[in-house]
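# Structural overview for review
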Amino acid sequence: MNNIFNHLKVTLINNDILRFEYCPNDNFSNQESLFISNKKASNNQLTFNKTDVVSFSYNDFEISFLESDPLNTLKVSKDNKVIYSYHNIKNTGELPLPNKTPEVFPLMDSPRLLIPYDGYVKNNDGFILQKDVKDLYLLLCNHDYKKLRKQFIYLTGRNEMPRLKNFGLFSSRYYRYSQKTAMDMIRNYEKHKIPLDTFILDTDWRDMEKLQGCGYTVNKELFPNLKEFFRFAHSHNLQVMMNDHPLPLRNDLTVLDEEEIEYRQSNLTSFYNQGLDGWWYDRNWICKLNSVDNQIASESLGNYLFHDVTKQFHLGFVIDQEVYKRSLVMSNINNIHNGQYKEILDSRNQKDVKTVLTPHPKEFANMLEMLQIASISAAEIQKDRLKFADVFCK
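Here is what the cut-offs are and how they apply
The written sequence of each chain sets the order in which its residues are numbered from 1. Under the rules for a predicted model, residues below a pLDDT of 70 receive no local features and side-chain atom pairs below 80 are neither given nor counted, while totals for whole chains, interfaces and linings still include all residues. Note: side-chain values were computed over all heavy atoms of the structure, leaving out hydrogens and water. Numbering of helices and strands runs from the N terminus, with a helix taken as a DSSP run of H or I at least four residues long and a strand as a DSSP run of E at least two residues long. Note on classification: 1.4 Å probe, protein chains only; a residue is buried when its accessible area is under 20% of the maximum for its type, exposed when over 50%, partly exposed between these limits. Residue contacts follow a heavy-atom distance rule, with two residues in contact if any of their heavy atoms lie within 4.5 Å. We get accessible surface area from the Shrake-Rupley algorithm with a probe of 1.4 Å; when it comes to residues, only the shown protein chains can shield them. We call two strands paired when DSSP finds no fewer than two bridges between them. Put simply, a patch holds well-exposed residues, over 30% relative accessible area, that have no salt bridge, with like charges counted together within 9 Å and Val, Leu, Ile, Met, Phe, Trp or Tyr side chains within 5 Å. The term salt bridge refers to a side-chain nitrogen of Lys or Arg lying within 4 Å of a carboxyl oxygen of Asp or Glu. Helix span is expected to be 1.5 Å times the residue number reduced by one. The directions considered for the arc run from the helix axis to the C-beta atoms. The term polar contact refers here to a pair of N or O atoms within 3.5 Å; inside protein, the definition further demands a hydrogen-donor-capable atom paired with an acceptor-capable atom, and it admits residues adjacent in sequence only when both atoms are side-chain atoms.

## Topic: the overall build of the protein chain
- Of the regular secondary structure elements, the protein chain holds 8 helices and 19 strands.
- Taking all 394 residues of the protein chain together, 48% fall into the buried category.
- When contacts within the protein chain are restricted to residue pairs at least 6 apart in sequence, those whose partners lie at least 24 apart make up 66%.
- With the model as given, the accessible surface of the protein chain reaches about 20700 Å², and the carbon-plus-sulfur share is 49%.

## What about the sheet that holds strand β5 (residues 54-58)?
- Here we have 5 strands laid out as an open sheet, ordered β4-β5-β6-β7-β8, and antiparallel in their pairing. Because the sheet does not close on itself, it has two edges, and the strands there are β4 (49-50) and β8 (81-85).
- Pairing geometry for strand β6 (residues 61-65) and strand β7 (residues 75-78), over 3 bridges, is antiparallel. Residue Ile63 lies in a different strand from β7, and its bridge partner there is Val76.

## Points about a nonpolar patch on the surface
- Taken together, the side chains of Ile373, Val391 and Phe392 make up a nonpolar region of the molecular surface, amounting to roughly 200 Å² of accessible area.
- One can find Ile373 in the loop between α6 (361-370) and α7 (378-383).

## Notes on helix α1 (residues 145-156)
- Along its 12 residues, α1 runs 17 Å from first to last C-alpha, staying within 8% of the 16 Å computed at 1.5 Å per residue.
- What α1 keeps buried is the set Tyr145, Leu148, Gln151, Phe152, Leu155 and Thr156. An end-on view of α1 places all buried positions within 120° of arc, on one side of the element.
- Buried residues in α1 make contact with β2 (8-13), β3 (17-22), β9 (104-109) and β12 (134-140).
- Between the side-chain oxygen of the N-cap and the backbone nitrogen of Lys146 there are 3.0 Å, and the N-cap of α1 in question is Asp144.

## Some thoughts on unusual backbone geometry
- Each neighbour pair has its own omega, and for Ser110 with Pro111 the value is -5°, a cis peptide bond.
- Tracing the backbone through its elements, the reader meets Pro111 in the loop between β9 and β10 (112-114).
- Phi at Asp26 is positive, roughly 55°, even though this residue is not glycine.
- Mapped onto the elements, Asp26 comes out in the loop between β3 and β4.
- The backbone phi angle of Asn142 is positive, close to 55°, even though this residue is not glycine.
- With respect to the helices, strands and loops of the structure, Asn142 is situated in the loop between β12 and α1.
- The partly exposed category is assigned to Asn142, whose relative accessible area is 31%.

## Examining the environment of Gly278
- Tracing the chain through its elements places Gly278 in strand β16 (residues 278-281).
- Along the chain, Gly278 and Gln239 lie 39 residues apart, while their C-alpha atoms are 8.0 Å from each other.
- If near-sequence neighbours (up to four positions away) are discounted, Gly278 is found in contact with Val240, Met241, Met242, Tyr272 and Leu328.

Now the structure itself:
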């Protein structure tokens, strides 16, 4: 039987995920979006019943809706009890606490931004913003917090394994380094036998008199030969990152306009060609990128472009498109405000961010107790944190 009912397409995705794609113009798509990577339908077919309502069963769930208004009347029942009724939601990506995991968890990809296969490159018209599409995913997790997280990752995509050095020591300081003082600091780490892995150049590597601390003009008084500094750092077995406050090329350009793409791609890549290992997308500044829609955070698009430009650069040096140097991008995540956790404002902002989390022992102890894995003190965590990290991952 046809699975399209008055502009609503119903699809079964793997891992107990149901997709309800409402497209007024029937422009249905399995193309990757900024939020959802994996839309591949299951080989299992749904069987629909049509009487006064359209209904179908899946495992222990009964799903129904009126064909005249399918999305707004959508309901999910279990044991003759309605456990979910459709309502328009803003996707924050904030997953519930483990002990508050529902039977059905909704995710909404709207407005939907389709991402081209070629990525963030110029002369690419594959970015398609669909404001009228409501792409709803119901994760049938049955109160199982582990299953919910596996389903979420299945849809949004699994991050690449971070580089080994990313788990090491970072030296990052808001300081007006010169090429000499930065090299001296690296030597000082070695002198004191401190195993440094990553050195970060903050704001003043650039000409601060231009563009209010933004742009890509190197301060030649401080760094007369940036390429030589990268070579020096690499000879000391370090990777180097630099911060970027991405100011739009013009105020009337969004992050996906052709001129902006060419400007951003050209400048970010030019430093990679000199030897830079990764960018720090530093959004804690007076400027920010312009989004294509006020419901999509500009930081989400910023994370996407920094990661994709880096990935495209590394792909340019390989023959096998499946095996390439993993991207290194650092980003201020958008649920931290002045050092305090608030909420995840847009889960699209977390996608493709290579983040290494090192929880405080007290926070880790609280989490283990909340998940009913272990009831231990922060002091016990300190003694053998790798042991408990291994228990947590299982």
